[in-house]
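The residues making up each chain are set out below.
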Amino acid sequence: MNKKTVRDVDFKGRRVLSRVDFNVPIKEGKVADDTRITSAIPTIKYILDHGASLVLMSHLGRPKGKGYEADFSLKPVAARLQELLGKPVKFGPDCISAETMAMARDLKAGEVLLVENTRFYADEGKAKVKDDATEEEKKAAKAEMKKKQAELAEKLAPLGDGEIFVNDAFGSAHRAHSSTSLVCKFYKQNVAGFLMEKEIDYLGRALEKPERPFIAILGGAKVSDKVNVITNLLTKVNSLIIGGAMAYTFYRAKGIPTGKSLVEEDKIDLAKDILAKAQAANVKLLLPVDNVIADKFDAAAQTKTVGEAIDDGWMALDIGPKSAQIFADEIKKSKTVVWNGPMGCFEMKPFAAGTLAVAKAIAETKCLSIVGGGDSVSAVNKSGLAPKMTHISTGGGASLEFLEGKQLPGVVALTDK
Ligand code: AMP
């Protein structure tokens, strides 16, 4: 990685500001799943162990952006963090008041302060543009938003001492927000935490110098969500597997009947274009050759396994066993695998086999495997195969944008080595 990391700076005596991803589920005032907090611990400990005090900021959920909302408070996170670190964690009631700034300034080496949800400030996030706004109005709203975001970043900056900013929130790195990238302007050194470094390293390695054969497996609901990933990966992979509902838009592009399967009618031409591009680039594009179909979208539906053509009145909800075998064989030949999106409606047991077969094949293969996207990650976790994957990406949207070949603002803002 050509960006500086926590290992490249001297933390001694500094008051470090760090953006983390503590966007965790909260139930009845308690953290329901602390994976994201535990993942941030190595970077936090490293900074504290190297003689600094630390101010942490994060967003949580999608509050209205009009100030404090109890449901979106980071207070339960502070309590959990305190347990995990085994030392007191101070809690700032907001991000920019004189009271919070004083708490930050009073920190001594080894002490931690977590400040309240950055999204309690509308200026942290995206411009709200009216649906019927003209192009001019949209432009003006965006420009105004940018100005306000920069102002908020300037107000957040004094939480630390202006020397070192640590970004360990890969999941938010695709956003050019005040707390993710804009605040960097006010710091001398902007460095990646361990989590951020790992994400950039693995995803970057797959895209830039993959060991071959390199295979991408894309699934999920919509071609429109993944078209940019497909287009970018087509120039890099040796083979591309397409499963999930997405596959049926490709079926239609090939003239195969799809019954009442999920199809994006307005993306059929795009699918045709992708098929042609794959052929031109000599990329093997694999679609399911059989399917598990159902008479309704229900775990208790009547089901049967058919070949490519889907019967009228039926919908394909999973790839069939032959496809699972073909996909598994392809995966077993590969040295690098990137997987994003399930092969079917894996949330319902009768339609989970295809996704599980892909997870198993990857787990059994000695390859560099990168799994991203909420659903494939949850499938891998559910099946207990997570430890067999080389890297499980924490940032759904951010990892997709990385795979699209986009520059992520949170990464761009880090200091070059
Ligand atoms: P995405 O968020 O685009 O990765 O899509 C994931 C969702 O796609 C999951 O909730 C799956 O249940 C759904 N999905 C996968 N395959 C199908 C299918 N054949 N028909 C309908 N939905 C599907």
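Calculation rules
- Residues numbered from 1 in each chain as written.
- Predicted model: local features only at pLDDT ≥ 70, side-chain atom pairs only at ≥ 80, totals over all residues.
- Heavy atoms only, no water.
- Axes fitted to C-alpha atoms, helices over the stretch in contact; angles between N-to-C directions.
- Helix = DSSP H or I, 4+ residues; strand = E, 2+ residues; numbered from the N terminus.
- Parallel < 35°, antiparallel > 145°, perpendicular 65-115°, else oblique.
- Left-handed = near helix turned anticlockwise from the far one by under 90°.
- Contact = heavy atoms within 4.5 Å.
- Pairing = 2+ DSSP bridges.
- Salt bridge = Lys/Arg side-chain N within 4 Å of Asp/Glu carboxyl O.
- Buried < 20%, exposed > 50% of the residue type's maximum accessible area, 1.4 Å probe, protein only.
- Right-handed = clockwise from strand over helix to strand, strands pointing away.
- Domains from an automatic or database assignment.
- Buried area = accessible area lost by both parts, 1.4 Å probe.
- Polar contact = N/O pair within 3.5 Å; in protein donor to acceptor, adjacent residues only side chain to side chain.
- Nonpolar A, V, L, I, M, F, W, Y, C, P; charged D, E, K, R; others polar.

1. Some words on the packing of helix α9 (residues 321-332) against helix α10 (residues 353-364)
α10 packs onto α9 with a crossing angle of 20° between their chain directions and a minimal axis gap of 9 Å. Between α9 and α10, the crossing angle belongs to the class labelled roughly parallel. Considering the relative orientation of α9 and α10, their crossing is right-handed. Where α9 approaches α10, its residues Ala 324, Ala 328, Ile 331 and Lys 332 are matched on the opposing element by Ala 357, Val 358, Ala 361, Ile 362 and Glu 364.

2. Focus: the sheet that holds strand β13 (residues 303-306)
Spatial ordering of the open sheet is given by β13-β12-β14, a layout of 3 strands whose pairing is antiparallel. Every other strand in the sheet has two partners, leaving β13 and β14 (315-319) as the edge strands with one partner each. Neighbouring strand axes in the sheet, compared pairwise and without regard to direction, differ in orientation by 35° on average. Pairing between strand β12 (residues 291-294) and β14: 4 bridges, direction antiparallel. Looking at β14, one finds that Ala 294 is bridged to Met 315.

3. Let's talk about the pattern of salt bridges
Scanning the model with the defined rule gives 21 salt bridges in all. Arg 19 is paired through a salt bridge with Glu 124; the nearest N and O atoms lie 3.8 Å apart. In this pair, Arg 19 is assigned in strand β1 (residues 15-19) and Glu 124 in the loop between β6 (112-115) and α4 (135-156), connecting sequence segments 105 residues apart. In terms of burial, Arg 19 and Glu 124 fall into one category: buried. In this structure, the salt-bridge partner of Arg 80 is Asp 34, at a minimum N-O distance of 2.8 Å. One end of the pair, Arg 80, is in helix α2 (residues 75-85); the other, Asp 34, is in the loop between β3 (30-31) and α1 (35-49), with 46 residues separating them in the sequence.

4. Considering the pairing of strand β15 (residues 336-340)
The side chains of a regular strand alternate between both faces of the sheet. Of all 5 residues in β15, 5 are buried; the element is thus mostly enclosed. Bridging between strand β9 (residues 214-218) and β15 involves 5 bridges; their strand directions are parallel. The partner of Ala 216 across the bridge, within β15, is Val 338. Taken together, β15, α10 and strand β16 (residues 368-372) constitute a β-α-β crossover, and its handedness is right-handed.

5. As for the domain arrangement of the protein
Annotation of the protein at the domain level lists domain 1 (6-195) and domain 2 (202-403). On a C-alpha basis, the centroid separation for the pair domain 1 and domain 2 is 35 Å. Domain 1 puts 4 residues into the contact, and the matching count from domain 2 is 9 residues. Of the roughly 530 Å² buried where domain 1 meets domain 2, counting both sides, 68% is carbon and sulfur surface. At the surface where domain 1 touches domain 2, the tally comes to 0 salt bridges. Seen at the junction of domain 1 and domain 2, the total is 0 residue pairs in polar contact (both at pLDDT 80 or more). Within the side of domain 1 that touches domain 2, the residues separate by chemical class into 1 nonpolar, 2 polar and 1 charged.

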